[in-house]
Every structure is written in C-alpha cells, then in structure tokens.
Amino acid sequence: MNLKQCDEWVKTHWDCFMDLIRIYLGIWLNVKGVFFLLNPDQLALPAGNAALASAAQLVPYVHIVGGLLLALGLWTRLAALSQIPILFGAVFLVHLPEMSGMAGREGVEFSGLVLFLLALFAVKGAGRLSLSRCWERAPALAEPPFQKWVDAHSDVFLDLIRA
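Scope of this entry: the structure provided in the associated data block. (Residues numbered from 1 in each chain as written. Predicted model: local features only at pLDDT ≥ 70, side-chain atom pairs only at ≥ 80, totals over all residues. Heavy atoms only, no water.)

1. Remarks on the overall build of the protein chain
Part 1 of the argument: Secondary structure assignment for the protein chain yields nine helices and zero strands.
Part 2 of the argument: Secondary structure elements of the protein chain, listed N to C terminal, follow the sequence α-α-α-α-α-α-α-α-α.
Part 3 of the argument: By residue count, 35% of the 163 residues in the protein chain fall in the buried class.
Part 4 of the argument: Long-range contacts, defined as pairs at least 24 residues apart, comprise 70% of the intrachain contacts of the protein chain with a sequence gap of at least 6.
Part 5 of the argument: Entry remark: accessible area of the protein chain is about 10300 Å², with carbon and sulfur atoms responsible for 70%. (Helix = DSSP H or I, 4+ residues; strand = E, 2+ residues; numbered from the N terminus. Buried < 20%, exposed > 50% of the residue type's maximum accessible area, 1.4 Å probe, protein only. Contact = heavy atoms within 4.5 Å. Areas by Shrake-Rupley, 256 points an atom, 1.4 Å probe, with all protein chains shown as cover.)

Next up, the structure:
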C-alpha cells in the first residue's frame with residue numbers, strides 16, 4: 001500500500017479514527033479517575049475556594065463514569081459535557097497559575113488538548129464504533145436534529161484536528 005492509497009483509505013474511514021480517539025480518551029480518563037481514587041493526595045485542589053475544593057472530590061468519579069461512557073460510545077455528548085468543567089478547571093485554575101516551569105506548561109497543553117477533544121465529541125457525538133450507534137437502529141431512538149448538519153460538515157472537524 002503506497003502513501004496515496006493510504007491517504008485515500010484514511011479519507012474514507014475518518015470516522016473510525018475519530019472513534020479510536022474517543023475510545024482512547026475514554027479509557028485514559030477512566031484510568032486517571034482510578035488513579036485519583038487510589039492517590040487522593042495527587043488531586044490538585046484549588047486553593048482558597050472551599051466550594052471548588054469540595055467539588056474537586058467528585059473528579060475521580062466523574063472521570064471513571066464519563067470515561068467509561070466515552071469509551072463505550074454510550075451517551076457520548078453527556079459524558080463529554082460532564083468532563084468539560086473539570087478540564088476547564090484543570091487548565092485555568094490548576095495548571096495555568098503554575099505555568100512558570102516546563103511541567104506547568106505541559107500540564108496546560110495536555111489539559112487544553114483533552115478539553116478541545118471533549119468539546120469536539122460533545123458536538124460530534126458517538127461514531128460508527130459505539131453502543132449508541134448499535135442501539136440507534138431501533139426505531140424508538142430519534143436522531144438529534146443537528147446530527148445531520150454535523151455529518152454534512154464533517155470536514156470542519158477534520159480541519160480542526162489537523163490544525
């Protein structure tokens with residue numbers, strides 16, 4: 001298979017790549033949630049705000065449940081939307097104030113990438129390799145009204161990923 005054939009195959013199967021990214025993201029959010037449960041001292045709590053510090057105790061559970069739902073492709077938009085506030089807090093409240101060193105900058109970059117991917121899946125939803133797509137074949141489930149627009153403009157999402 002030469003490079004041109006590989007490129008054509010990728011263009012015709014881009015949704016499978018998006019699904020693989022979703023599955024990967026879900027698995028590692030789940031792993032991160034288990035890590036935070038086993039090592040609660042590693043969970044960076046925002047200083048000075050008691051409400052945020054108490055809400056931070058829910059982070060491992062949201063990561064575990066949301067990561068599992070993302071990996072399975074079940075209620076993908078809800079799972080991604082539930083993760084977005086956590087990653088927003090990780091980027092702007094935890095890592096951005098510590099951006100003076102290399103580790104802080106890497107934390108901002110990685111958390112920002114995960115935040116971007118979650119926003120992407122919150123809009124796009126699950127793909128071909130998902131439980132919701134298997135269940136969608138049942139006539140009782142209706143397609144969301146904006147799913148046709150998302151499917152028709154999938155090149156926009158590919159351009160965002162390539163950039």
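2. A look at the nonpolar core
Part 1 of the argument: With 23 residues, the main nonpolar core has Leu25, Leu70, Ala80, Leu87, Leu118 and Phe121 as its most contacted residues.
Part 2 of the argument: Listed by contribution, the elements that provide at least two residues to this core are α2 (14–38), α4 (59–72), α5 (76–95) and α6 (102–124).
Part 3 of the argument: Those residues in contact with leucine 118 that sit more than four places away from it in its chain are Leu25, Leu29, Leu70, Ala80, Gln83, Ile84 and Leu87. (Core = buried A, V, L, I, M, F, W, Y, C linked by side-chain atoms within 4.5 Å.)

3. Focus on the packing of aromatic side chains
Part 1 of the argument: In this structure the tally under the stated criterion is four aromatic pairs.
Part 2 of the argument: Relative to phenylalanine 92, the ring of phenylalanine 88 has its centre 4.6 Å away and its plane inclined at 50°; by these criteria the two rings are tilted. Placement of both phenylalanine 88 and phenylalanine 92 in helix α5 is noted, with a separation of four residues, approximately one turn of the helix.
Part 3 of the argument: Given the relative accessible area of 41%, phenylalanine 92 is considered partly exposed. (Phe/Tyr/Trp six-rings, centres within 6.5 Å; stacked < 30°, edge-to-face > 60°.)

4. Quick notes on the packing of α2 against α6
Part 1 of the argument: Two elements in contact, α2 and α6, have axes separated by 11 Å at closest approach and are oriented at 125°. What the angle tells us is that α2 and α6 run oblique. When the axes of α2 and α6 are compared, the crossing they make is left-handed. Counted together, Trp14, Met18, Ile21, Arg22, Leu25 and Leu29 of α2 and Val114, Leu117, Leu118, Leu120, Phe121 and Lys124 of α6 form the full contact between these two elements. (Axes fitted to C-alpha atoms, helices over the stretch in contact; angles between N-to-C directions. Parallel < 35°, antiparallel > 145°, perpendicular 65-115°, else oblique. Left-handed = near helix turned anticlockwise from the far one by under 90°.)

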